[in-house]
Amino acid sequence: MNLKDLIVMDTPVPTLRGRKVLITGAASGIGEATARAAAAEGAELVLTDLRADRLDEVVADINRSDGSVVYHLAGDVSDYDWVRSFADHVDAEVGTMDVVMNIAGVSAWGTVENLEHRHWRKMVDVNLMGPIHVIECFVPQMVRRGHGGHLVNVASAAGLLALPWHAAYSASKFGIRGVSEVLRFDLRRHHIGVSLVCPGGVDTPLVDTVEIVGVDRTDPRVKSQIDHFHKVAVSPETAASAILKGIRKNRFLVYTSFDIRFGYWWARKFALPYEIVMRIANDRFDHLARVTGRALEARAVDAGGVGDVGSPNAADAG
């Protein structure tokens, strides 16, 4: 490899027109918005999501809008055997992908004394092993073909920063960040680009369904924080636009909003102030958890559920 090759690499996928593009989590949120945006740019889409009915609706709508979904199938990316079978069918009917996008994900927040093993397990199974299954089953074909391509893995701000209540979620997102960092260099020799997408607040259905273990989501103080999130979050379409631009520009770190770009830069340049801010944030979140937890406990007592309240998983009881 000459010096120029060590410094620069031509963009592997400068346009999506006519390219075969796999997108997971395509039935809602960032996945759906990215599928629609890629279709508008002329991509030939292979789509999957856990929810069959909603996936069918998205596929039908894209095809009605002159997009091209060449193959779709509902399934669980955390199930390796299913992903292997899905990949075999895609290989046979569509061929090798030019772009693979791991967007499907789930979220659960909570402190270590409230999180159950199932929360940790689900985060790792879906958010880390899911993308690994897809990488295992789709990327080697790109390598063997020898024509380059692009891999997109969606992480999170929680894969860059130590956000309160995010230990289980960050376990999966820091994990996919590490996988992506290694593959960024490993796949370069095959002219395959890698992008790690690190969204901050994105206004998707996940915001209203994320499980916050040990915290009462109906508490006005919690609802106020969620409402504030909606106000500062970017749209899924904005996130999708950033992802497609990241592919065209062959960027490794892809941000969907300036605050995360700045926050990650700030954390690396100013370690002690970053630690102080994180301590303050954790104190505030801890206070919110305690006051809402007491309210939850009081309601459980009123409902005759005092026997469950002492459990560290009282929020999940019943």
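Residues numbered from 1 in each chain as written. Predicted model: local features only at pLDDT ≥ 70, side-chain atom pairs only at ≥ 80, totals over all residues. Heavy atoms only, no water.

**Topic: a positive patch on the surface**
Phase 1: A cluster of basic residues, Lys245, Lys249, Arg251 and Arg261, forms a positive patch on the protein surface.
Phase 2: In this structure, Lys249 sits in helix H9 (residues 236–249). (Patch = residues over 30% accessible without salt bridge, like charges linked within 9 Å, V, L, I, M, F, W, Y side chains within 5 Å. Areas by Shrake-Rupley, 256 points an atom, 1.4 Å probe, with all protein chains shown as cover. Salt bridge = Lys/Arg side-chain N within 4 Å of Asp/Glu carboxyl O. Lys, Arg positive; Asp, Glu negative; His and termini not counted. Charge placed at Lys NZ, Arg CZ, Asp CG, Glu CD. Helix = DSSP H or I, 4+ residues; strand = E, 2+ residues; numbered from the N terminus.)

**A few points about the packing of aromatic side chains**
Phase 1: Taken as a whole, this structure holds seven aromatic pairs when the rule is applied.
Phase 2: Arranged with centres 5.7 Å apart and planes meeting at 35°, the rings of Phe262 and Trp265 form a pair that is tilted. Residue Phe262 and its partner Trp265 are both found in helix H10 (residues 258–269); the two are separated by three residues, about one turn of the helix.
Phase 3: In this structure Trp265 comes out as partly exposed when scored by relative accessible area, which is 37%.
Phase 4: Every member of this aromatic cluster is reached through a ring pair, and the members are Phe258, Phe262, Trp265, Trp266 and Phe270. (Phe/Tyr/Trp six-rings, centres within 6.5 Å; stacked < 30°, edge-to-face > 60°. Buried < 20%, exposed > 50% of the residue type's maximum accessible area, 1.4 Å probe, protein only.)

**Considering the sheet that holds strand E2 (residues 44–49)**
Phase 1: Pairing in this open sheet of seven strands is parallel, and the strands run E3-E2-E1-E4-E6-E7-E9 from one edge to the other. One side of each edge strand has no neighbouring strand; the edge strands of this open sheet are strand E3 (68–74) and strand E9 (253–255). When strand polarity is set aside, the average angle formed by the axes of neighbouring strands in this sheet is 15°. (Pairing = 2+ DSSP bridges. Axes fitted to C-alpha atoms, helices over the stretch in contact; angles between N-to-C directions.)

**Quick look at the pattern of salt bridges**
Phase 1: Scanning all chains against the criterion turns up 13 salt bridges.
Phase 2: Across the pair Asp125 and Arg121 runs a salt bridge, and its minimum N-O distance is 3.2 Å. Of the two residues, Asp125 and Arg121 both sit in helix H5 (residues 117–145), four residues apart, roughly one turn of that helix.
Phase 3: For Arg121, a relative accessible area of 42% gives the class partly exposed.
Phase 4: One salt-bridge network, in which partners are shared between bridges, spans Glu32, Arg36, Arg54, Glu57, Asp61 and Arg64.

**A look at the environment of Ser241**
Phase 1: Looking at where Ser241 falls in the secondary structure, it is placed in helix H9.
Phase 2: Along the sequence, Ser241 and Ala37 sit 204 residues apart, while their C-alpha atoms lie 7.3 Å from each other.

**Focus: the environment of Val139**
Phase 1: Mapped onto the secondary structure, Val139 falls in helix H5.
Phase 2: Measuring from C-alpha to C-alpha, the distance between Val139 and Met97 comes to 8.0 Å, with 42 residues separating the pair along the chain.
Phase 3: Val139 has contacts with Val134, Leu151 and Leu187, leaving out every residue within four places of it along the chain. (Contact = heavy atoms within 4.5 Å.)

**Considering H10**
Within an α-helix, residues lying three or four positions from one another point in the same direction, as the helix has 3.6 residues per turn.
Phase 1: Helix length check: H10, at twelve residues, gives a terminal C-alpha distance of 16 Å against a target of 16 Å (1.5 Å per residue), a fit within 8%.
Phase 2: Of all the positions in H10, only Ile260, Gly263, Tyr264 and Ala267 are classed as buried. Buried residues in H10, looked at end-on, bunch into an arc of 95°, giving them a common side. Summarising the geometry of H10, the exposed residues directed more than 90 degrees from the buried face are Phe258 and Lys269. (Expected span 1.5 Å × (residues − 1). Arc of directions from axis to C-beta.)

**Let's talk about the pairing of strand E4 (residues 99–102)**
Phase 1: A two-sided burial pattern is seen for E4, the buried positions comprising Val99 and Met101 on one face and Val100 and Asn102 on the other.
Phase 2: Inspection of the sheet shows strand E1 (residues 20–24) paired to E4 by three bridges, in the parallel sense. Paired with Val21 across the two strands is Val99, which belongs to E4.
Phase 3: Pairing of E4 with strand E6 (residues 149–154), which is carried by four bridges, proceeds in the parallel orientation. By the bridge assignment for E6, Asn102 is matched with Asn153.

**What about the packing of helix H4 (residues 80–93) against H5?**
Phase 1: For the pair H4 and H5, interaxial distance at closest approach is 8 Å and the crossing angle is 25°. Relative to H5, the element H4 is oriented roughly parallel. Viewed along their axes, H4 and H5 form a crossing whose handedness is right-handed. Residues Tyr80, Val83, Arg84, Phe86, Ala87, Val90 and Asp91 of H4 pack against His133, Val134, Glu136, Cys137, Phe138 and Gln141 of H5.
Phase 2: Split into classes, the residues belonging to the contact of H4 with H5 amount to eight nonpolar, two polar and three charged. (Parallel < 35°, antiparallel > 145°, perpendicular 65-115°, else oblique. Left-handed = near helix turned anticlockwise from the far one by under 90°. Nonpolar A, V, L, I, M, F, W, Y, C, P; charged D, E, K, R; others polar.)

**Quick word on the confidence of the model for the protein chain**
Phase 1: For the protein chain, per-residue confidence averages 86 on the pLDDT scale, and residues scoring 70 or more make up 81% of the total.
Phase 2: Confidence drops under a pLDDT of 50 for residues 305–318, and excluding neighbours within four residues, the segment shows 22 contacts in the predicted structure. (pLDDT = per-residue confidence, 0-100.)

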